Amino acid sequence: MTDPDDLVPDAAEWDERYGATERVWSGEPNGTLVAEVDGLSPGRALDVGCGEGADAVWLASRGWRVTALDVSRVALDRAERHARKAGVEVTWRRTGLVEAGLPRGVFDLVSAQYPVLRKTTDASAEHLLLDLVAPGGTLLVVHHDVEREPDHAHEGGFEPFDPALYVLPADVAAVLGPQWRIDVDERRPRVVHGGGGAHHQLDLVLRAERLRHPAST
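Residues numbered from 1 in each chain as written. Predicted model: local features only at pLDDT ≥ 70, side-chain atom pairs only at ≥ 80, totals over all residues. Heavy atoms only, no water.

A. Expanded view of the overall build of the protein chain. Assigned secondary structure in the protein chain consists of six helices and seven strands. Traced from its N-terminal end to its C-terminal end, the protein chain shows the element sequence α-α-β-α-β-α-β-β-α-β-α-β-β. Sorting the 217 residues of the protein chain into buried and exposed places 47% on the buried side. For the protein chain, the share of sequence-separated contacts (at least 6 apart) that also reach a separation of at least 24 residues comes to 74%. Carbon and sulfur atoms make up 47% of the accessible area of the protein chain, which totals about 11100 Å². (Helix = DSSP H or I, 4+ residues; strand = E, 2+ residues; numbered from the N terminus. Buried < 20%, exposed > 50% of the residue type's maximum accessible area, 1.4 Å probe, protein only. Contact = heavy atoms within 4.5 Å. Areas by Shrake-Rupley, 256 points an atom, 1.4 Å probe, with all protein chains shown as cover.)

Here is the structure:
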């Protein structure tokens, strides 16, 4: 019989990381999410790698119907408590993105804030992020600019983060086709006042809309 944990990549590692401290992140929604999403009409949202749930709770408090994914049960338990305290409902799922089996083309917002998605030769994670967005919906992918901050690639007692191994905003931008419009593709300053990752000062931000009526080629 298959151990359920075997179906959740890196779950034990992330549970260990979250379990080592009372709280890992700041407890506040990511600033880029707030800046890029605040003006959108609420709909159905997917939070990829939700961690302790601050982004998902913020979205739900503004009327979004949120599905939030993370591989760590420890993180999701904290996220659920955060949501109860805030009086909002979120659908929490303990799974990685690729393994989640989510319906395609139904999310009005797909948010991947600093995702830990492994690159593959077929760019499966990148294509899946795109496929999940509904026509007229928004894809938001944000990551630290680790190439500009090499001294910060090693943190939390984990192995150094090698950007060549993981999906970054530029990798997602590279697979966008004519049915997409890029609204933001830039490097910007980042200010966080506490929690893990607060030392990072630069972010890479990609925001794109899936067009309802793609331009003809």
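B. Quick peek at unusual backbone geometry. Of note in this structure, Y114 is not a glycine but carries a positive phi near 55°. When you line up the elements, Y114 lands in the loop between β4 (107–113) and α5 (124–132). You will see that A123, though not glycine, has its phi angle at about 50°, which is positive. Within the secondary structure, A123 sits in the loop between β4 and α5. Residue classification places A123 among the buried positions, given a relative accessible area of 13%.

C. Local environment of α5. Regarding α5, the residues found buried are A125, E126, L128, L129, L130 and L132. On its buried face, α5 sits against β1 (44–48), β4, β5 (133–144), α6 (169–173), β6 (180–189) and β7 (202–210).

D. Structural view of helix α3 (residues 54–61). Burial analysis of α3 places seven of its eight residues in the buried class, which makes it a mostly covered element. The set of residues buried in α3 consists of A54, D55, A56, V57, W58, L59 and A60. Phi turns positive, to about 95°, at G63, one or two residues after α3.

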